[in-house]
Amino acid sequence: MKKILLSLLCVGSTVVFADTETKYPCATFIYGGDKHITIENDPNWDDQIVMVNGKKKHNFKVKLYNNQKAVICGTYNEFGLNFYDYKKQFSRADISNLNSSLTNLIEIYPENGINYSIDYQAANFITISIK
């Protein structure tokens, strides 16, 4: 039942009903740039397993082009991501709902490394537009 609920969360639209059984964070990334961006697992979180577009993944790489989206859900309360733009410029961030009533994008490095806006935020879900 947990897998079905989490899969529904991760492949649904950007409006989500929280999975009250797991309470793990989900993030929808929507890319609005004119080239592409790559999102991949942070190797410093070598034990992390996430759901990427509804499929359980240990290592992953998702390339998004204009108006494409990816939904990444944690199997713990935090997970780390690396971002590379089309010039291979690097940024990293964590998605977390640990010790917070909202899921957040935290520990962004460098601080201005990702040009983003938060479109929606709830206890177990966040929608982030990347430009």
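These figures come from a predicted structure and were not determined experimentally.

Asker: Would you take a moment to explain the overall build of the protein for this structure?
Answerer: On a plain count of helices and strands, the protein comes out with one helix and eleven strands. Each helix (α) and strand (β) of the protein, taken in turn from the N terminus, gives the series α-β-β-β-β-β-β-β-β-β-β-β. Burial analysis of the protein (131 residues in total) assigns 43% to the buried set. A total of about 7400 Å² of accessible surface is found on the protein, and carbon and sulfur atoms cover 51% of it.

Asker: Sorry if this is basic, but what is going on with the sheet that holds strand β6 (residues 69–74) here?
Answerer: Either a parallel or an antiparallel arrangement is found when strands of a sheet pair, and the pairing is made through backbone hydrogen bonds. Taken together, six strands build an open sheet; the order of strands is β4-β3-β6-β1-β11-β10 and the sheet is mixed. Unpaired on one side and paired on the other, β4 (55–57) and β10 (116–121) mark the two borders of the sheet. Across the sheet, the mean angle separating the axes of adjacent strands is 25° when strand polarity is ignored. Both strand β3 (residues 50–52) and β6 contribute to a ladder of three bridges, which runs antiparallel. Bridging from a neighbouring strand, V50 pairs with G74 of β6.

Asker: Sorry, what's going on with the environment of G74 here?
Answerer: Here G74 shows up in strand β6. Using a relative accessible area of 0% as the deciding quantity, one classes G74 as buried. A sequence separation of 23 residues divides G74 from M51, and the C-alpha atoms of the two residues are 6.4 Å apart.

Asker: What is the right way to look at the sheet that holds strand β8 (residues 90–96) in this model?
Answerer: The five strands are arranged β5-β2-β7-β8-β9 in an open sheet whose pairing can be described as antiparallel. This sheet does not close on itself; its edge strands, each paired only once, are β5 (61–65) and β9 (104–109). Each neighbouring strand pair of the sheet contributes to a mean axis angle of 25°, computed without reference to strand direction.

Asker: I'm lost on the side chain of Q48 in this one. Help?
Answerer: Within the element layout of this structure, Q48 appears in the loop between β2 (36–41) and β3. Take Q48: its relative accessible area is 3%, and that puts it in the buried class. Every residue in contact with Q48, bar those within four places of it in the chain, is listed here: N41, D42, K57, H58, F60, F79 and G80.

Asker: How do you make sense of the pattern of salt bridges when you look at a structure like this?
Answerer: A pair can form between side chains of opposite charge whenever their charged atoms are brought close. Applying the stated criterion across every chain, the model contains three salt bridges. A salt bridge links E40 to K61; the nearest nitrogen and oxygen atoms lie 3.9 Å apart. You can see E40 sitting in strand β2 and its partner K61 sitting in strand β5, a full 21 residues away along the chain. Of the charged contacts, one joins R92 and D94 as a salt bridge, the two residues approaching to 2.5 Å between their closest N and O atoms. Each member of the pair R92 and D94 is classed as buried. Through salt bridges that share partners, D42, R92 and D94 make up one connected network.

Criteria and thresholds
Residues numbered from 1 in each chain as written. Predicted model: local features only at pLDDT ≥ 70, side-chain atom pairs only at ≥ 80, totals over all residues. Heavy atoms only, no water. Helix = DSSP H or I, 4+ residues; strand = E, 2+ residues; numbered from the N terminus. Buried < 20%, exposed > 50% of the residue type's maximum accessible area, 1.4 Å probe, protein only. Areas by Shrake-Rupley, 256 points an atom, 1.4 Å probe, with all protein chains shown as cover. Pairing = 2+ DSSP bridges. Axes fitted to C-alpha atoms, helices over the stretch in contact; angles between N-to-C directions. Contact = heavy atoms within 4.5 Å. Salt bridge = Lys/Arg side-chain N within 4 Å of Asp/Glu carboxyl O.

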